[in-house]
Amino acid sequence: MTMRSTCAEPSSGPSGLDRELLRDVLSSFPAGVVIVTALDGERPVGLTVNAFCSVSADPPLVLVCVDKGSNTLAAISDAGAFTVNILAAGREQLALLFASKARDKFSALAWREAPGGAGGPVLSEDAAAYLACRVERAIEAGDHWIFIGAVSAAGVHEEPVPLLYHRRAFAALA
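Here the structure is a predicted model, which is why all the values come from computation and not from measurement. Going along each chain's sequence as written, the residues are numbered from 1 onward. Given that this is a predicted model, residues contribute local features only at a pLDDT of at least 70 and side-chain atom pairs are listed and counted only at 80 or more, while totals for whole chains, interfaces and linings are drawn from all residues. Here the side-chain values reflect all heavy atoms present in the structure, with hydrogen atoms and water set aside.

### Concerning the overall build of the protein
And step 1. Strands are runs of DSSP state E lasting at least two residues, helices are runs of H or I lasting at least four, and both sets are numbered from the N terminus onward. Each helix and strand counted, the protein has three helices and ten strands in total.
And step 2. Overall, the protein shows an N-to-C arrangement of helices and strands of α-β-β-β-β-β-α-β-α-β-β-β-β.
And step 3. Every radius of gyration here is taken over C-alpha atoms, with the globule rule written as 2.2 Å times N^0.38, N being the number of residues. The C-alpha radius of gyration computed for the protein amounts to 17 Å, which stays within 12% of the reference 16 Å derived for 174 residues, consistent with globular compactness.
And step 4. Projecting the C-alpha coordinates of the protein onto the three principal axes gives extents of approximately 50 × 35 × 35 Å.
And step 5. A 1.4 Å probe rolled over the protein chains alone gives each residue an accessible area, and that area as a share of the maximum for its type sets the label: buried under 20%, exposed over 50%, partly exposed in between. Sorting the 174 residues of the protein into buried and exposed places 34% on the buried side.

### Quick word on the packing of aromatic side chains
And step 1. Classification of ring pairs rests on two measures: the distance between centres of Phe, Tyr or Trp rings, Trp counted by its six-membered ring, which must be within 6.5 Å, and the angle between planes, read as stacked under 30 degrees, edge-to-face over 60 and tilted in between. On inspection of all chains with the given rule, the structure shows three aromatic pairs.
And step 2. With a centroid separation of 5.2 Å and 90 degrees between ring planes, the pair formed by Phe 98 and Phe 106 is classed as edge-to-face.
And step 3. On the accessibility criterion, Phe 98 (1% relative accessible area) is buried.
And step 4. For the pair Tyr 165 and Phe 170, a centre-to-centre distance of 5.2 Å together with 65 degrees between the ring planes defines the contact as edge-to-face.
And step 5. Assessed through its relative accessible area of 26%, Tyr 165 is described here as partly exposed.
And step 6. Using a relative accessible area of 27% as the deciding quantity, one classes Phe 170 as partly exposed.
And step 7. An aromatic cluster is defined as three or more aromatic residues linked by ring pairs; in this entry it consists of Phe 98, Phe 106 and Trp 111.

### Considerations on a nonpolar patch on the surface
And step 1. Taken together, the side chains of Leu 17, Leu 22, Val 25 and Leu 26 define a hydrophobic patch exposed on the protein surface, amounting to about 340 Å² of accessible area.
And step 2. Residue placement: Leu 26 occurs in helix 1 (residues 19–27). Patches draw on residues past 30% relative accessible area with no salt bridge. Two like charges within 9 Å are joined, as are two nonpolar side chains (Val, Leu, Ile, Met, Phe, Trp, Tyr) within 5 Å. Throughout, the Shrake-Rupley method with a 1.4 Å probe supplies accessible areas, and for residues the shown protein chains are the sole cover considered. Any Lys or Arg side-chain nitrogen found within 4 Å of a carboxyl oxygen on Asp or Glu counts as a salt bridge.

### Some remarks on the sheet that holds strand 7 (residues 127–141)
And step 1. Pairing within the open sheet is antiparallel, and its seven strands lie in the order 3-2-6-7-8-5-4. Two strands in the sheet have a free side with no partner beyond their single neighbour: strand 3 (43–49) and strand 4 (52–57). When strand polarity is set aside, the average angle formed by the axes of neighbouring strands in this sheet is 35 degrees. Only strands joined by at least two bridges in the DSSP assignment are considered to pair. To obtain an axis, a line is fitted to C-alpha atoms, over the contacting stretch when the element is a helix, and the angle between two such axes runs from 0 to 180 degrees between their N-to-C directions.

### Details of the nonpolar core
And step 1. Throughout, nonpolar core names a set of buried Ala, Val, Leu, Ile, Met, Phe, Trp, Tyr and Cys residues whose side chains join them through atoms within 4.5 Å. By size, the foremost hydrophobic cluster in this structure holds 17 residues, and its most contacted members are Val 36, Val 64, Val 66, Ile 76, Phe 82, Val 84 and Phe 147.
And step 2. Counting residues per element, the ones that place at least two in this core are strand 2 (34–40), strand 3, strand 5 (60–67), helix 2 (73–79), strand 6 (81–87) and strand 7.
And step 3. The criterion used for residue contact is that any of the two residues' heavy atoms lie within 4.5 Å. Not counting residues within four places of it along the chain, the set of residues in contact with Ile 76 comprises Val 36, Ala 38, Val 66, Ala 81, Phe 82, Val 135 and Phe 147.
And step 4. Among the nonpolar cores identified, the runner-up in size contains ten residues, and Leu 87, Ala 95, Phe 106 and Leu 163 belong to it.

Next comes the structure, spelled out in structure tokens:
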């Protein structure tokens, strides 16, 4: 088995690590694919992320990491709420659309308001599960913002399995 490795060296960049190697290492960790949605006034917005995880069960908290260059960042900050839509397998094109800077990502998409109005749109036909959240805390971290969300509503579809991302490719559970 061959393994590439590196140690922090001044010539490798500001962090001291080779950026491509770091990306390769991080992409080796399988992650679920989620679309984080919010409302910009009344206009729905969203982005694909794989930096999502549970923080606490009591109280129920989750976190998402949003790039500072994201078109959705201001909507999450201004609305103080977001929804995490855990994509179902087979929704790769939707994940790619929401990873883009396209202006109207919702034009041909079925969605509904989050229960109680706290959160962004729920992608009712494309999500294996969802969590509607109120922003509990926002933390600036490098080139991203970390949003810790207090879960106010949740739902799960029993049939679809979630879409996964591993080594820069989509996958599904067998």
